[in-house]
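The chain contents come next:
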Amino acid sequence: MPMSASTIEAAILAALPGATVELTDLAGDDDHWAATVTAPQFAGLSRVAQHKLVYAAFGGRMGGELHALQVTTVVPK
Amino acid sequence: MSDANSRISDLVTANDVVLFMKGTPLFPQCGFSSRAIAILDHCGVTYETVDVLQDMEIRQGIKSFSDWPTIPQLYVKGEFLGGSDIMMEMFEAGELQQLMDESGVAKVG
């Protein structure tokens, strides 16, 4: 079950207010996404903790409804 | 502790580097697992892999064990390092190779 770019972006923004999200459709099938997320909430966190914040935005849908999301996290300068 | 948890705990304690993946190093069944193998091979370290597609208990168990929703997952010296995105970020920054060196992980050959 694919997830649209606007749904993905809205979920991330709801979980991480003030973040910026850049999405790339890797396979052109609405099902394999790459997201670069820049969020002030990442400051001081390990990479694992940063990625967990992004995954948490999707609740249990990550790995199921949302099959593939390649995540890059960036701390704003 | 459930069976799955103790099995996973044994695996990551007994081996310096463990990759939980879909498929095998020669025949990865997912692009992310394939990328994780390529990164480990570039690091030139020895590693164990666990094919979660052959083991439903581990496939479900590893997600709660690591509190991480996706496969692949890399463990070094019993510590959860992350999935393939974090492996790639660390590799490109030279941090993964440095961590392997500092952890005294055996090199190939």
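Described in the following lines is the structure provided in the data block. Nothing here was measured: the structure is a model prediction, and the numbers come from that model.

### Side note on the overall build of chain A
Across its full length, chain A holds 2 helices and 3 strands. Each helix (α) and strand (β) of chain A, taken in turn from the N terminus, gives the series α-β-β-α-β. For chain A, whose C-alpha radius of gyration is 12 Å, the value lies close to the compact-globule estimate of 11 Å for 77 residues. For chain A, the proportion of its 77 residues judged to be buried stands at 29%. Considering only intrachain contacts with a sequence separation of at least 6, the fraction spanning at least 24 residues in chain A is 53%.

### Some remarks on the packing of helix α2 (residues 31-43) of chain B against helix α4 (residues 84-92) of chain B
All names here are of chain B. Taken N-terminus to C-terminus, the directions of α2 and α4 make an angle of 30 degrees; their axes are 9 Å apart at the nearest point. In terms of their interaxial angle, α2 and α4 are classed as roughly parallel. Note on packing geometry: the crossing formed by α2 with α4 is left-handed. Two secondary-structure elements touch here, α2 through F32, R35, A36, I39 and H42 and α4 through S84, M87, M88 and F91. Partitioning the contact of α2 with α4 into residue classes produces 6 nonpolar, 2 polar and 1 charged.

### With respect to the pairing of strand β1 (residues 17-21) of chain B
Residue and element names in this part refer to chain B. Within β1, 5 of the 5 residues are buried, which leaves the element mostly enclosed by the surrounding structure. Of the two faces of β1, the one carrying V17, L19 and M21 and the one carrying V18 and F20 are both buried. Bridge analysis of β1 against strand β3 (residues 73-76) gives 4 bridges, and the strand direction is antiparallel. Note that in β3 the partner of V17 across the bridge is V76. Note that β1 and strand β2 (residues 48-51) share 4 bridges and pair parallel. Counted as the bridge partner of L19 is T49 from β2. In the classification by handedness, the crossover that spans β1, the intervening α2 and the parallel β2 is right-handed.

### Observations concerning the environment of Q54 of chain B
When you line up the elements, Q54 of chain B lands in the loop between β2 and α3 (56-66). Sequence separation between Q54 of chain B and L99 of chain B is 45 residues; the distance between their C-alpha atoms is 30 Å.

### A short note on the pairing of strand β3 (residues 68-74) of chain A
Residue and element names in this part refer to chain A. The side-chain alternation of β3 yields one buried face, formed by L69, V71 and T73, and one unburied face, formed by A68, Q70, T72 and V74. The pairing of strand β2 (residues 32-38) with β3 spans 7 bridges and is classified as parallel. Looking at β3, one finds that H32 is bridged to A68. In terms of handedness, the path from β2 via helix α2 (residues 47-56) over to β3 forms a crossover that is right-handed.

### Observations regarding the interface of chain B and chain A
Between chain B and chain A, the contact holds 8 residues from the first and 10 residues from the second. Among the elements of the structure, β4 (79-82) and α4 of chain B are those that each provide at least two residues to the side of chain B that touches chain A. No other element matches the 3 residues that α4 of chain B contributes to the side of chain B that touches chain A. Residues of the side of chain B that touches chain A, tallied by class, amount to 3 nonpolar, 2 polar and 3 charged.

### Side note on the sheet that holds β3 of chain A
Residue and element names in this part refer to chain A. Pairing is mixed in the open sheet, where 3 strands are placed in the order β1-β2-β3. A strand with exactly one partner marks an edge of an open sheet, and here the two such strands are β1 (20-25) and β3. Sheet twist, expressed as the mean angle between neighbouring strand axes with direction ignored, is 20 degrees. Sitting on the sheet, helix α1 (residues 5-15) touches β1 and β2, and the angle it makes with β1 is about 155 degrees. Those strands touched by α2 are β2 and β3, and its axis lies near 125 degrees from that of β3.

Conventions we followed
Residues numbered from 1 in each chain as written. Chains lettered and ligands numbered in written order. Predicted model: local features only at pLDDT ≥ 70, side-chain atom pairs only at ≥ 80, totals over all residues. Helix = DSSP H or I, 4+ residues; strand = E, 2+ residues; numbered from the N terminus. Rg over C-alpha atoms; globule rule 2.2 N^0.38 Å. Buried ≥ 20, exposed ≤ 12 C-beta atoms within 10 Å, placed from the backbone. Contact = placed C-beta atoms within 7 Å. Axes fitted to C-alpha atoms, helices over the stretch in contact; angles between N-to-C directions. Parallel < 35°, antiparallel > 145°, perpendicular 65-115°, else oblique. Left-handed = near helix turned anticlockwise from the far one by under 90°. Nonpolar A, V, L, I, M, F, W, Y, C, P; charged D, E, K, R; others polar. Pairing = 2+ DSSP bridges. Right-handed = clockwise from strand over helix to strand, strands pointing away.

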